[in-house]
Amino acid sequence: MQFMLLFSRQGKLRLQKWYVAHPDKAKKKITRELITTILARKPKMSSFLEWRDLKIVYKRYASLYFCCAIDQEDNELLTLEVIHRYVELLDKYFGSVCELDIIFNFEKAYFMLDELVVGGEVCETSKKNVLKAIAAQDLLQEHIP
Amino acid sequence: MPAVRGDGMRGLAVFISDIRNCKSKENEVKRINKELANIRSKFKGDKTLDGYQKKKYVCKLLFIFLLGHDIDFGHMEAVNLLSSNKYTEKQIGYLFISVLVNTNSDLIKLIVQNIKNDLNSRNPVHVNLALQCIANIGSKEMAEAFGHDIPKLLVSGETMDVVKQSAALCLLRLFRTNPDIIPGGEWTSRIIHLLNDQHLGVVTAASSLIEALVKLNPDEYKGCVSLAVSRLSRIITASYTDLQDYTYYFVPAPWLSVKLLRLLQHYPPPEDPGVRGRLNECLDAILNKAQEPPKSKKVQHSNAKNAVLFEAISIIIHSDSEAALLVRACNQLGQFLSHRETNLRYLALETMCLLATSEFSHEAVKKHQETVINSLKTERDVSVRQRAVDLLYAMCDRTNAEQIVHEMLNYLESADYSIREEMVLKVAILAEKYAGDYTWYVDVILNLIRIAGDYVSEEVWYRVIQIVVNREDVQGYAAKTVFEALQAPACHENMVKVGGYILGEFGNLIAGDKRSAPQVQFQLLHSKYHLCSASTRALLLTTYIKFINLFPEIKTEIQNILKCDSNLRCSDAELQQRASEYLHLSLVTSTDVLATVLEEMPPFAEKESSILAVLKKKSGRMSAQEAHKEARAAGGAGGAAAAVAAGAVKNSTNDKNAKNSSADLFGISTPPVNSQNNSSSNTGVLVDVLGDLYSSSNNSSMPSVATNGTNSASPATLTSGVTDNIKKFVCKNNGVLYENDIIQIGVKSEFRQNLGRIGVFYGNKTSMPLQGFLPSVSISSADSGRVSVQVKPVESTIEAGAQVQQFVNCECIDHFEDLPEMLVCFTYGSVPQRLSLKLPLSINKFFEPTDMNGESFFARWKNLSSPSQESQQIFKTTCPMESGSIRTKVMGFGMQILEGIDPNPENFVCAGILHTRTQQIGCLMRLEPNRQAQMYRLTIRASKDGTAKILCNLLSQQF
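Predicted model, so just to flag it, every value in this text is computed and none were measured.

Basis of the calculations
Counting from 1, residues in each chain are numbered in the order their sequence is written. Chain labels run from A onward and ligand labels from 1 onward, assigned in the order the entries are written. In keeping with the model being predicted, local features are shown solely for residues with a pLDDT of at least 70 and side-chain atom pairs are shown and tallied solely at 80 or more, while totals for entire chains, interfaces and linings include all residues. The side-chain numbers reported here are obtained from all heavy atoms of the structure, hydrogens and water having been left aside. Per the convention used, a helix needs a DSSP run of H or I reaching at least four residues, while a strand needs a run of E reaching at least two, with both numbered from the N terminus. Only protein chains enter the accessibility calculation, which uses a 1.4 Å probe; a residue is then buried when its area is under 20% of its type maximum, exposed when over 50%, and partly exposed in between. What sets the accessible areas is the Shrake-Rupley method with a 1.4 Å probe; for residues, cover comes only from the shown protein chains. Residues are said to line a cavity or pocket when one of their atoms sits within 4 Å of a point; the points come from a 1 Å grid over protein atoms alone, cavities being sets where a 1.4 Å probe fits but cannot get out and pockets being open sets with protein on both sides within 12 Å along at least five of seven lines. Grid points are joined across faces, edges and corners, and a volume is the space filled by probe spheres set on the points. For our purposes a nonpolar core is just a set of buried Ala, Val, Leu, Ile, Met, Phe, Trp, Tyr and Cys residues, chained together by side-chain atoms within 4.5 Å. Any two residues having at least one pair of non-hydrogen atoms within 4.5 Å are treated as being in contact. All axes are obtained by fitting lines to C-alpha atoms, using only the stretch in contact for helices, and the reported angles, taken between N-to-C directions, cover 0 to 180 degrees. Two helices cross in a left-handed way if the nearer one is turned anticlockwise from the farther one by less than a right angle. They cross in a right-handed way if the turn is clockwise. Charged means Asp, Glu, Lys or Arg here, nonpolar means Ala, Val, Leu, Ile, Met, Phe, Trp, Tyr, Cys or Pro, and polar covers whatever is left, Gly included. Salt bridge, as applied in this entry: a Lys or Arg side-chain nitrogen positioned within 4 Å of an Asp or Glu carboxyl oxygen. Two parts placed together each lose some accessible area; with a 1.4 Å probe, that loss summed over both constitutes the buried area. Under the rule applied, a polar contact is a pair of N or O atoms within 3.5 Å (in protein, one hydrogen donor and one hydrogen acceptor; residues adjacent in sequence only if both atoms are side-chain atoms). Strands qualify as paired when DSSP identifies two bridges or more between them. For classification, angles of less than 35 degrees are called roughly parallel, those exceeding 145 degrees roughly antiparallel, those between 65 and 115 degrees roughly perpendicular, and all remaining angles oblique. By this rule the span expected of a helix is its residue count minus one, scaled by 1.5 Å. The pLDDT score gives, residue by residue, the confidence of the prediction method on a 0 to 100 scale.

Peer 1: Would you mind showing me how to read the overall build of chain A here?
Peer 2: Check the secondary structure of chain A and you find five helices and seven strands. Order of helices (α) and strands (β) in chain A, N terminus to C terminus: β-β-α-β-β-β-α-α-α-β-β-α. Of all 145 residues assigned to chain A, the portion counted as buried reaches 65%. Accessible surface, chain A: about 5,600 Å² in total, of which carbon and sulfur atoms supply 55%.

Peer 1: What am I meant to see in empty space enclosed by the protein here?
Peer 2: Empty space left among the atoms is revealed by rolling a probe the size of a water molecule over them. What the rule picks out here adds up to eleven cavities of 30 Å³ or more. Here the largest cavity is characterised by a volume of approximately 260 Å³. Looking at the lining of the largest cavity, the elements with two or more residues in it are α2 (76-94) and β7 (121-122) of chain A together with α12 (200-216) and α14 (254-264) of chain B. The biggest single contributor to the lining of the largest cavity is α14(B), with four residues.

Peer 1: Explanation requested: the nonpolar core in the structure shown.
Peer 2: Within soluble globular proteins, side chains that are nonpolar tend to cluster in buried spots. Among the nonpolar cores identified, the biggest contains 277 residues, and Tyr86(A), Phe106(A), Ile111(B), Ile115(B) and Met142(B) are the most heavily contacted of them. Residues contacting Ile111(B), with those up to four places away along its chain left out, are Val79(B), Leu82(B), Ile97(B), Val101(B) and Met142(B). With 61 residues, the next largest nonpolar core counts Tyr738(B), Met768(B), Ile798(B) and Phe847(B) among its residues.

Peer 1: Explanation requested: the packing of helix α13 (residues 224-237) of chain B against helix α15 (residues 273-291) of chain B in the structure shown.
Peer 2: Relative placement of two packed helices is described by the angle separating their axes and the distance separating the axes. Residues and elements named next belong to chain B. Contact geometry of α13 with α15 gives a least axis separation of 9 Å together with a crossing angle of 35 degrees. Here the hand of the crossing between α13 and α15 comes out left-handed. In this structure, α13 uses Val 225, Ser 226, Val 229, Ser 230, Leu 232, Ser 233 and Ile 236 to contact α15, whose residues at the interface are Val 275, Arg 278, Leu 279, Cys 282, Ala 285, Ile 286 and Lys 289. Classifying every residue of the contact of α13 with α15 by side-chain character gives nine nonpolar, three polar and two charged.

Peer 1: So what exactly am I meant to see when it comes to the pattern of salt bridges here?
Peer 2: Two side chains bearing opposite charge may form a pair once their charged atoms approach each other closely. Using the criterion set out here, one finds 52 salt bridges over all chains in the structure. For Arg85(A), the salt bridge goes to Glu88(A), with nearest N and O atoms at 3.0 Å. Highlighted residues: Arg85(A) and Glu88(A), both in helix α2, separated by three residues, approximately one helical turn. A relative accessible area of 6% places Arg85(A) in the buried class. For the salt bridge of Glu750(B) with Arg757(B), the shortest nitrogen-to-oxygen distance reads 3.7 Å. Classification of Arg757(B) by relative accessible area gives partly exposed; the value is 35%. The network of salt bridges with common partners includes Glu50(A), Glu350(B), Arg387(B), Asp390(B), Glu422(B) and Lys426(B).

Peer 1: Help me understand the interface of chain B and chain A, please; the structure alone is not making it clear to me.
Peer 2: Many descriptions give the size of an interface as the accessible area lost when the pieces come together. With 77 residues of chain B at the contact, the number on the chain A side is 60 residues. Across the chain B/chain A interface, buried area totals approximately 6,200 Å², and carbon plus sulfur atoms make up 55% of it. Where chain B meets chain A, there are seven salt bridges. Of the charged contacts, one joins Arg262(B) and Asp74(A) as a salt bridge, the two residues approaching to 3.1 Å between their closest N and O atoms. Our count for the contact surface shared by chain B and chain A stands at 30 residue pairs in polar contact (both at pLDDT 80 or more). If you tally residues by element for the side of chain B that touches chain A, the top one is helix α16 (residues 299-319) of chain B, at eight residues.

Peer 1: I keep staring at the pairing of strand β5 (residues 743-752) of chain B and nothing clicks. Help me out?
Peer 2: Consecutive side chains along a regular strand alternate between the two faces of the sheet. Residues and elements named next belong to chain B. As paired strands, strand β4 (residues 734-739) and β5 are joined by five bridges and run antiparallel to one another. Bridge assignment links Val 736 to a residue of β5, and that residue is Gly 746. Strand direction decides the pairing type here: β5 and strand β6 (residues 755-764), joined by ten bridges, are antiparallel. Across the sheet, residue Ser 749 finds its bridge partner in β6, namely Ile 758.

Peer 1: Would you explain the sheet that holds β5(B) in this entry?
Peer 2: To summarise the sheet geometry, strands pair through backbone hydrogen bonds and adopt either a parallel or an antiparallel arrangement. All names here are of chain B. Pairing within the open sheet is antiparallel, and its five strands lie in the order β4-β5-β6-β9-β8. Among the strands making up the open sheet, the edge pair consists of β4 and β8 (787-791). When strand polarity is set aside, the average angle formed by the axes of neighbouring strands in this sheet is 25 degrees.

Peer 1: What exactly am I supposed to notice about the sheet that holds strand β1 (residues 3-8) of chain A here?
Peer 2: All names here are of chain A. Across the sheet, five strands lie side by side as β2-β1-β5-β4-β3; this open sheet has antiparallel pairing. Only two strands of the sheet have a single partner each, and these edge strands are β2 (13-18) and β3 (48-51). Each strand of the sheet is rotated relative to its neighbour by a mean of 20 degrees, with strand direction disregarded. For β3 and strand β4 (residues 54-61), the ladder comprises four bridges, and the chain directions are antiparallel. From the neighbouring strand, Trp 51 faces β4, where its bridge partner is Leu 54. α2 contacts β1, β2, β3, β4 and β5 (64-70) of the sheet and is inclined by roughly 35 degrees relative to β4.

Peer 1: Just checking my understanding: could you explain the packing of helix α1 (residues 10-21) of chain B against helix α3 (residues 51-66) of chain B for this structure?
Peer 2: All names here are of chain B. Running from amino to carboxyl end, α1 crosses α3 at an angle of 25 degrees, the nearest separation of the two axes being 9 Å. In terms of orientation, α1 lies roughly parallel with respect to α3. Considering how the two elements wind past one another, α1 and α3 form a crossing that is right-handed. Where α1 abuts α3, its residues Arg 10, Gly 11, Leu 12, Phe 15, Ile 16 and Ile 19 lie against Tyr 52, Lys 56, Cys 59, Lys 60, Phe 63 and Ile 64.

Peer 1: How do you make sense of α16(B) when you look at a structure like this?
Peer 2: Since the α-helix turns once every 3.6 residues, residues separated by three or four places project in the same direction. Its 21 residues give α16(B) an end-to-end C-alpha distance of 30 Å, which sits within 8% of 30 Å, the value for a rise of 1.5 Å per residue. Counting buried residues along α16(B), 16 of its 21 residues qualify, which places the element largely inside the surrounding structure.

Peer 1: Can you walk me through the confidence of the model for chain B in this structure?
Peer 2: Fine structural detail should not be taken from predicted coordinates in areas where pLDDT scores are low. Residue and element names in this part refer to chain B. Looking at chain B as a whole, its pLDDT mean stands at 83, while 87% of the residues score no less than 70. Averaged pLDDT values over the elements of chain B bottom out at 33 in helix α39 (residues 691-694) and peak at 96 in α14. Predicted confidence for residues 630-723 stays below pLDDT 50, and this span has 166 contacts to residues more than four positions away or in other chains. We note a pTM of 0.67 for the whole complex and an ipTM of 0.96 for its interfaces.

Written out as structure tokens, the structure reads:
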């Protein structure tokens, strides 16, 4: 996976995670372009589109769009499920997650993603194990080592 | 304000609320600037901030960055947080760094030190944090700093599973920045054996790493094949309860399955019959499961299951050996074509394109033609319709071409603008490729222009003209049809162009009919003249002069047109020039001369349609597919084109005329064509009507592979385009030596005294690896012992898109004449390729420029007076005599240009010393350009017998 973007229906970026280095300017341009393209698509359309030399996989959950850019040989359907697993994790952690949770606890959303995907590759697919890791982090926050 | 989890930062939450409450963008910016000023003053203030405050401010900066504002401070404070002993502070520090720090930041050294400390921590949570950070921003420096420790961490028995997972992917990131960091030897097997790990999370992470390693070095990691197959087999046969939390919506370990299937696609089907059997069983089982009723109605279940299925189909296509599996895969995809999920329809169409290129499944794909045509008509999503177009294109063959082209033309009328151009190209290619009857082809192209004229690129209409010119049997029909098409009240300018050209050439074939008598033809064309752009008018003027030749009865009428002020005094120089030249041509020449000048166009030499090249350029995806197809079909499908070729070859001696006359007819301003190209290669530089003259693309951009009619039994030798490039290297050291659709070969060389080093760069332009890559260099027998070359070995595989470099060390022992032969062999797809090239190593590379005054030059010149020491050539130029470019070439040749010695400033006088191992050869040169005669006289004298002649031959070819 080359990058993941979370943005709202109003086109506001909520989270960005880049696994391939780009200059800030390029990142902004890519983000703008993709947000416009995806928001213009209708609900019944396919979740995949070709964009430059990458494949874009996106899905909408309530007011948030999750959008991943993957390489040509990567599996589109499974990328949809990476997104879903991430949503499940957020849901479990925040207790039926909403956009506001992600706005106010964006750092948590990052930490959770870092457990699921590392360096652009799926690292741990077990929901239990990820939540265990996050719980261990929270525990450390409460007790000073 | 929702509850803040964990160890919340109240100040941050308040700030976020403030921002959200801002009524306008201006307010928001104001609030942010206020906050930035506040943070800046805190960071600069005298009071030392405690960890919590630093964390809070760094977090605010992060939030501001996420809102889209630039952040140019706070990096140092974030790095400070890394060494905090409070986990939450450390974590925020790492987050800031992975989101905001560039890999080339000055702070990298500090960061690296902090990461090092955390990697050595006893707390696995800290170690993981450090590993994730490397995996996120891993740079070359980090590869150096951690390349040693991380592999150890990965395979050590003491490392915790969760750390191993991060370590594997961290190593993957470092490997991507620097492939050398992976230790070889015993490490290979230890890494491979991670596939056997108990913990599925570890296997999942490790398989991504192993896939990347395999891509670069399949042989070294061969051992992973059987391990991957048995792991896969265990997953596929497991019940969904066996794998506990690694089962995802009733699908056992879908991520791991997909990764293993991907890994196996880097190898041919396993040789070991046991392993191969087991793999096929897995694939069978996956296909069987697709037919079972779903275990859940949730889309997650079907997505995960089908993700594995598509990956399995992908490996089946990749092996292309099991006919039964291919056909089953095709049937499965056929079901998906009418599935209610848009995503599945999309993927099925896309994947079927690949199946259509396999001889085993091509027929099976064709069975779904009606469904695909239906998708084209009814699908509501344009990206899905685009896939349907791709598939129709891929499944097209002689039997269904008429129907598919018909349907595509129908669809074109209502097609989305975004895909029209590509569709036009595809229709044009299919119509040409599968034309049994060329009248059909002409009809299709004219229809294209009628329906989507704006999207018909130059290549398309050049091509139809080329084919009509080459095929006598269709010329009359073409003339009649364009004549009719032009009668439409509003016809597209491209139609006028085609009409103008074809009537100019073949209007006489329909002139017998009263309805299309010469005068009618002329008036019809001229009625469009004033509506057209300058380039079309230029073309029409040429048609008019051809008409004067074909139909003397309308000569006066045409002369009147040429004479009129709007042409003869046209503000467009090109039009004015044509009008006046054509007018005078018609006034002063006899009919015989006119007939000779305006003789019918000779056939164009044949090569692959340039439309295909355009299509390939248009989309990378296409080129992958085409490459796939070409590797398989190996030119077998190009029957129609071959037939044209046969017709064209008989007149290949006319190539030169074709080139010159088309240059004349279409662009007086175009530069003269290098006639040397013509005599030296039969491939023909200009093949498309004027295409190459207008565009700067040389023939290397045209795919030469397909036209070679390769088959896997006899390796293809591809040499077109070579001669030109190698010649240029006499006077330069760097550049592209050779290029086709598969490979680009570049050269960078340096020479000192009698030694030299040539760096040869081989770039794989395709999406498949080039295997069995073996370049070799040989010296002609005449030159053996005079020059020595030592070729460094190079890896046998060039990955897709990768470039490898090879060094050739060389030494000049004595003067030598021929360029060393270079043979590059490799396998692309399954087709062996041979490129027979020359190594750009000529004797003049060993020149050392020598300065001297006129007196000593003349003294030495006189000394070298024996006939074997001198060589002189007088030759005609083949390129423009422009003194700047002559100077560049002479300088590139390696001798010193001596100024002020020759009384004629146009002439060049040079001196240099050739270094060989045995001796130094003094050389003097004089080059006299004669602009009037367009000729040169080149005289070289050298102290060693015979050297002058070699040098003279080399340099004279440059002009």
